[in-house]
Amino acid sequence: MVALKIILVIFSLGLIAAVLLQKGKSAGLSGAISGGAEHLFGKQKARGLDLFLQRLTVVLAVGFFLLSLTVAYLVKSS
């Protein structure tokens, strides 16, 4: 039980770091209004470090979600 909580903290810190290391995708509110469709439907593909950070973020988010549910279930059942 304690090991799962430690792993959950590691996943959460990793997720925070992965999100903060990514580049911003728009120029704030003005970019969302005027050029949001370009980013949504454009043919820009992430490469290199950006692609790695996107995939790492997805993996860490799924792991965090599953670990959170597992820890919550184990705490409730005990």
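Structure: above.
Note that the structure is predicted; figures quoted are calculated from it, not measured. (Residues numbered from 1 in each chain as written. Predicted model: local features only at pLDDT ≥ 70, side-chain atom pairs only at ≥ 80, totals over all residues. Heavy atoms only, no water.)

What about the overall build of the chain?
Next up, step 1: Helix and strand counts for the chain come out as four helices and zero strands.
Next up, step 2: Ordering the α and β elements of the chain from the N terminus gives α-α-α-α.
Next up, step 3: A total of 78 residues make up the chain; the buried ones form 14% of that total.
Next up, step 4: Long-range contacts, defined here as pairs at least 24 residues apart, represent 92% of the contacts in the chain between residues at least 6 apart.
Next up, step 5: Carbon and sulfur atoms provide 72% of the accessible area of the chain, an area that totals close to 6300 Å². (Helix = DSSP H or I, 4+ residues; strand = E, 2+ residues; numbered from the N terminus. Buried < 20%, exposed > 50% of the residue type's maximum accessible area, 1.4 Å probe, protein only. Contact = heavy atoms within 4.5 Å. Areas by Shrake-Rupley, 256 points an atom, 1.4 Å probe, with all protein chains shown as cover.)

Notes on the pattern of salt bridges
Next up, step 1: Scanning the model with the defined rule gives one salt bridge in all.
Next up, step 2: Notably, a salt bridge pairs K23 with D50, separated by 3.7 Å at the nearest N-O pair. Of this pair, K23 sits in the loop between α1 (2–21) and α2 (29–34) while D50 sits in helix α4 (residues 49–77), and the two are 27 residues apart along the sequence.
Next up, step 3: According to the relative accessible area criterion, K23 is exposed, its value standing at 57%.
Next up, step 4: By relative accessible area, D50 is classed as partly exposed at 24%. (Salt bridge = Lys/Arg side-chain N within 4 Å of Asp/Glu carboxyl O.)

A word on α4
Next up, step 1: End to end, α4 covers 41 Å across 29 residues, agreeing with the expected 42 Å (1.5 Å per residue, within 8%).
Next up, step 2: All of the buried residues along α4 are L53, T57, L60, G63, L67 and V71. (Expected span 1.5 Å × (residues − 1).)

Structural notes on the environment of I10
Next up, step 1: Secondary-structure assignment places I10 in helix α1.
Next up, step 2: Distance from I10 to F64, taken between C-alpha atoms, is 9.1 Å for residues 54 residues apart in sequence.

Description of the environment of A17
Next up, step 1: Among the structural elements, A17 can be located in helix α1.
Next up, step 2: With 40 residues separating them along the chain, A17 and T57 place their C-alpha atoms 9.1 Å apart.

Digging into α1
Next up, step 1: The first and last C-alpha atoms of α1 sit 29 Å apart over 20 residues, in line with the 28 Å expected at 1.5 Å per residue.
Next up, step 2: Listed in full, the buried residues belonging to α1 are L8, L15 and A18. In a view along the axis of α1, the buried residues occupy a sector of 95°, so they form one face of it. Turned more than 90 degrees away from the buried face of α1, the exposed residues are V2, I10, L13, L20 and L21.
Next up, step 3: On the buried face of α1, the contacting elements are α4. (Arc of directions from axis to C-beta.)

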